Amino acid sequence: RVEACFILAVFGSLFGVLWRAVLWLWQFENAKMGSTKEIAMNQHTLFTKVQDYYTDLIAQLGTAQNEISMTYLSFDSGEWATRISDVLCAKAQSGVKVRLMVDEVGQLLDEPRHAVQNVGLFRRLRSHGVQVNIFRPAAPLQMNNRLHCKIAAIDDHMVFLGGSNIGDYYTT
């Protein structure tokens, strides 16, 4: 029940941000067809290098005032996860509501050599006030029922959507 409530809370808070993403896509498609209607709130950045994505993510997480909601298949212990975790811990300690959901199989098997360190990483996040939940469906280790989202939403005005989990090996 806690996991279901967390999923609803995360996706509830992400709805506003995702709606803005949908509006941006609508604007983009209309622009291709010659429409000149602008929606001023939409901006986007395409990251072609994971290091740039992580660097910008860390910078934007540092600007959070109210809440941070993140979901990943894998949040793997290493340099980048530590840097991101440091910001999440600091934000949670300052009163920002910080939530992280990670897939059970992803955090254990995406880089199996780090499985024990990942448990320690999540313990540290929790001890600093970050709400960490592990996505564990009814059939826990079923491979075709995974949380494969990669989303970070910040204060209902910024969202990172995309193709990289958090882990040093994604940078090579």
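Residues numbered from 1 in each chain as written. Predicted model: local features only at pLDDT ≥ 70, side-chain atom pairs only at ≥ 80, totals over all residues. Heavy atoms only, no water.

Caption draft 1: Up close: the pattern of salt bridges. Scanning all chains against the criterion turns up five salt bridges. The partner of Arg83 in a salt bridge is Glu79, with the nearest N and O atoms 3.6 Å apart. Placement of the pair is Arg83 and Glu79 together in helix H3 (residues 79-93), with a separation of four residues, close to one helical turn. We classify Arg83 as partly exposed; its relative accessible area is 36%. (Salt bridge = Lys/Arg side-chain N within 4 Å of Asp/Glu carboxyl O. Helix = DSSP H or I, 4+ residues; strand = E, 2+ residues; numbered from the N terminus. Buried < 20%, exposed > 50% of the residue type's maximum accessible area, 1.4 Å probe, protein only.)

Caption draft 2: Here's a closer look at the environment of Leu121. With respect to the helices and strands, the residue Leu121 is situated in helix H5 (residues 115-127). Residues Leu121 and Thr82, 39 residues apart in the sequence, show an inter-C-alpha distance of 8.0 Å. Other than its neighbours up to four places away in sequence, Leu121 contacts Phe75, Ser77, Ala81 and Ser85. (Contact = heavy atoms within 4.5 Å.)

Caption draft 3: A look at the packing of aromatic side chains. Tallied over the entire structure, the rule returns eight aromatic pairs. Aromatic side chains Tyr72 and Phe75 sit 6.5 Å apart centroid to centroid with 50° between the ring planes, which places their arrangement in the tilted category. An aromatic cluster is defined as three or more aromatic residues linked by ring pairs; in this entry it consists of Phe47, Tyr53, Tyr54, Trp80 and Phe160. (Phe/Tyr/Trp six-rings, centres within 6.5 Å; stacked < 30°, edge-to-face > 60°.)

Caption draft 4: Seen up close, the environment of Arg113. Among the secondary structure elements, Arg113 is positioned in the loop between helix H4 (104-109) and H5. Judged by relative accessible area, Arg113 falls into the exposed class, the value being 67%. A distance of 2.8 Å separates a polar atom in the side chain of Arg113 from a polar atom in the side chain of Glu111. (Polar contact = N/O pair within 3.5 Å; in protein donor to acceptor, adjacent residues only side chain to side chain.)

Caption draft 5: Main features of the nonpolar core. Counting residues in hydrophobic clusters, the biggest one holds 31 residues, and the most contacted among them are Leu57, Met70, Phe75, Leu88 and Leu125. Elements with a contribution of two residues or more to this core: helix H2 (50-61), strand E1 (67-72), H3, strand E2 (97-103), H5, strand E3 (131-135) and strand E4 (151-154). Look past the residues within four positions of Leu125 in its chain and what remains in contact with it is Phe75, Ser85, Leu88, Cys89, Leu100, Val130 and Val132. (Core = buried A, V, L, I, M, F, W, Y, C linked by side-chain atoms within 4.5 Å.)

Caption draft 6: H3, seen in detail. Taking 1.5 Å of rise per residue, the 15 residues of H3 would be expected to cover 21 Å, and the 21 Å separating its terminal C-alpha atoms lies within 8% of that figure. All of the buried residues in H3 are Trp80, Ala81, Ile84, Ser85, Val87, Leu88, Cys89, Lys91 and Ala92. Residues of H3 that are buried in the fold lie against H2, E1, E2 and H5. Looking one or two places after H3, you find Gly95, whose phi comes out positive at around 105°. (Expected span 1.5 Å × (residues − 1).)

Caption draft 7: Quick peek at the environment of Ala90. Relative to the assigned elements, Ala90 resides in helix H3. In this structure Ala90 comes out as partly exposed when scored by relative accessible area, which is 45%.

Caption draft 8: Local environment of H2. Taking 1.5 Å of rise per residue, 12 residues should cover 16 Å, and H2 covers 16 Å from first to last C-alpha, within 8% of that figure. For H2, the complete set of buried residues consists of Tyr53, Tyr54, Leu57, Ile58, Gln60 and Leu61. Taken around the axis of H2, the buried residues stretch over an arc of 165°, which confines them to a single face. Elements in contact with the buried residues of H2: E1, H3, E4 and strand E5 (158-161). (Arc of directions from axis to C-beta.)

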